[in-house]
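So the chains spell out like this:
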Amino acid sequence: MKKWLLNWRLFSLFSVMALLLAGCGKPFLSALQPAGEVADMQYSLMLLSTAIMVLVIVVVTIIFIYVVIRFRRRKGEENKIPKQVEGSHKLEIIWTVIPILLLIILAVPTVSATFKLSDVKPMNKEKRDKNTVVVNVRANLYWWEFEYPDYGIITSQDLVVPTDERVYFNLKSSDVKHSFWIPAVGGKLDTNVENNNQFWLEFDQKAADKAKGVFYGKCAELCGPSHALMDFKVKPLPRKEFDQWVEKMKNAKPAATDAVAKEGEEIFNKSCIGCHAVTPADKRPEQARTAPNLANFGDRERIAGILKHDEENLKKWLKDPDSVKPGNKMTGTYGKLTDAQIDALTKYLMSLKVE
Ligand SMILES: [Cu+2]
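Residues numbered from 1 in each chain as written. Predicted model: local features only at pLDDT ≥ 70, side-chain atom pairs only at ≥ 80, totals over all residues. Heavy atoms only, no water.

For the protein, the name recorded in an unreviewed UniProt entry is Cytochrome c oxidase subunit 2, with Anoxybacteroides rupiense as its organism. Per UniProt, the comment on the protein under Subcellular location (unreviewed entry) is "Cell membrane". Under the heading Sequence similarities (unreviewed entry), UniProt records this for the protein: "Belongs to the cytochrome c oxidase subunit 2 family." (UniProt positions renumbered as here; feature names shortened; annotations may be inferred.)

Structure follows, in structure tokens:
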């Protein structure tokens, strides 16, 4: 191949890679733009370990190049063998001690951060301060439930949290292993069926403003065909607004106002209420909560965690959920709703708001 063609190809490959990688840095999604105390700690650890690795690579590469040049076969000395060194105490001590030192530099901050990040004493039920916010996160194929046990309210898909303070999480799953991850803020931690995992996160108000008020959350454990679509959104609010939101949720009583929405409510109460609740203070036991709580559906950022929140997409979801999220657990409605019923349900669901 002509040399200039190869060069040109390499150059364009690098340009495309650079462009692609530049796209990774969104403030609402990137672990490289830390948006809270936990993310800051994890980011510094990443920098430290990368710096140590780069240092090792550079030093080894320099030695390698030096040796290749210094001891290469030269004209006229084809059969000359350099002096052989065996069992050099000095060298052996150097290459044992340096890695030990590097590992200590890496281990001390890592272990100390691990203990800090797992300090969940303040969420201990007996000694809990009444201002400590605790959220029970339950992961399901392919949706998320957020329960606030101290306020007796439940929401789904959109996690609402106060900013600039530690929020404590109880993580579990009701079917298979998932993993709770808010890349810009922290995680990831597995949600399991057999035990509760606990940790805390802190959401920076300034970073939240930069992210335009919403962080993206992800499932980080391959769990089935719609794993990549198992997203949630995080709405961080200043403490005062968070308290107001809690009050509104506690008192929310959804009621359809116009006639079409009323019709939708009737259909809903016949065909959907078996799986979906529409009050945040729903008293059903966990096993019976088999679908997202729709109490504040009208305020959501997305439909089913991924579609843009508008009427057209809601109709698309109601008509054929499987075309949006293959293998999801909203079954028994496909092909059973007429267009008029879907229109009425859409009006009703969009009117479910607390804000
Ligand atoms: Cu998952």
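*Asks:* Before we go on, may I ask you to explain the domain arrangement of the protein in this structure?
*Replies:* Quoted interface sizes are often the accessible area lost when the parts come together. By domain assignment, the protein separates into domain 1 (27-67 + 87-251) and domain 2 (259-350). A separation of 31 Å is found between the C-alpha centroids of domain 1 and domain 2. Each partner contributes residues to the interface: domain 1 has 24 residues there, and domain 2 has 23 residues. Carbon and sulfur atoms supply 52% of the area that domain 1 and domain 2 bury against each other, a total of about 2,100 Å² over both sides. At the boundary of domain 1 with domain 2, the tally comes to three salt bridges. Linking Glu147 and Arg289 is a salt bridge whose minimum nitrogen-to-oxygen distance equals 3.7 Å. At the junction of domain 1 with domain 2, the criterion picks out 12 residue pairs in polar contact (both at pLDDT 80 or more). (Domains from an automatic or database assignment. Contact = heavy atoms within 4.5 Å. Buried area = accessible area lost by both parts, 1.4 Å probe. Salt bridge = Lys/Arg side-chain N within 4 Å of Asp/Glu carboxyl O. Polar contact = N/O pair within 3.5 Å; in protein donor to acceptor, adjacent residues only side chain to side chain.)

*Asks:* Just checking my understanding: could you explain helix 7 (residues 311-319) for this structure?
*Replies:* An α-helical turn contains 3.6 residues, so a residue and the one three or four places further along point in the same direction. Among the residues of helix 7, Asn313, Leu314, Trp317 and Leu318 are the ones counted as buried. Along helix 7, the residues classed as buried sweep out an arc of 140 degrees about the axis, all on the same side. Against strand 11 (302-303), strand 12 (307-308), helix 8 (321-324) and helix 9 (339-350) lie the buried residues of helix 7. (Buried < 20%, exposed > 50% of the residue type's maximum accessible area, 1.4 Å probe, protein only. Helix = DSSP H or I, 4+ residues; strand = E, 2+ residues; numbered from the N terminus. Arc of directions from axis to C-beta.)

*Asks:* Explain the coordination of the copper ion to me, please; I cannot follow it from the model alone.
*Replies:* Reference geometry at the metal: tetrahedral coordination by four donors gives ideal angles of 109.5 degrees; octahedral coordination by six donors gives 90 or 180 degrees. Within the protein, the atoms that donate to the copper ion are His178 (ND1), Cys219 (SG), Cys223 (SG) and Met230 (SD), at distances of 2.2 to 2.8 Å. With four donor atoms in place around the copper ion and angles of 85 to 134 degrees between them, the coordination shape is irregular. Mapped onto the sequence, the residues coordinating the copper ion show the spacing H-x40-C-x3-C-x6-M. Since its relative accessible area comes to 13%, Cys223 is described here as buried. Residue classification places Met230 among the buried residues on the basis of a relative accessible area of 0%. (Donors = N, O, S within 2.8 Å, 3.2 Å for Na, K, Ca; no water. Tetrahedral: all angles 85-135°; square planar, octahedral: opposite > 155°, others 65-115°.)

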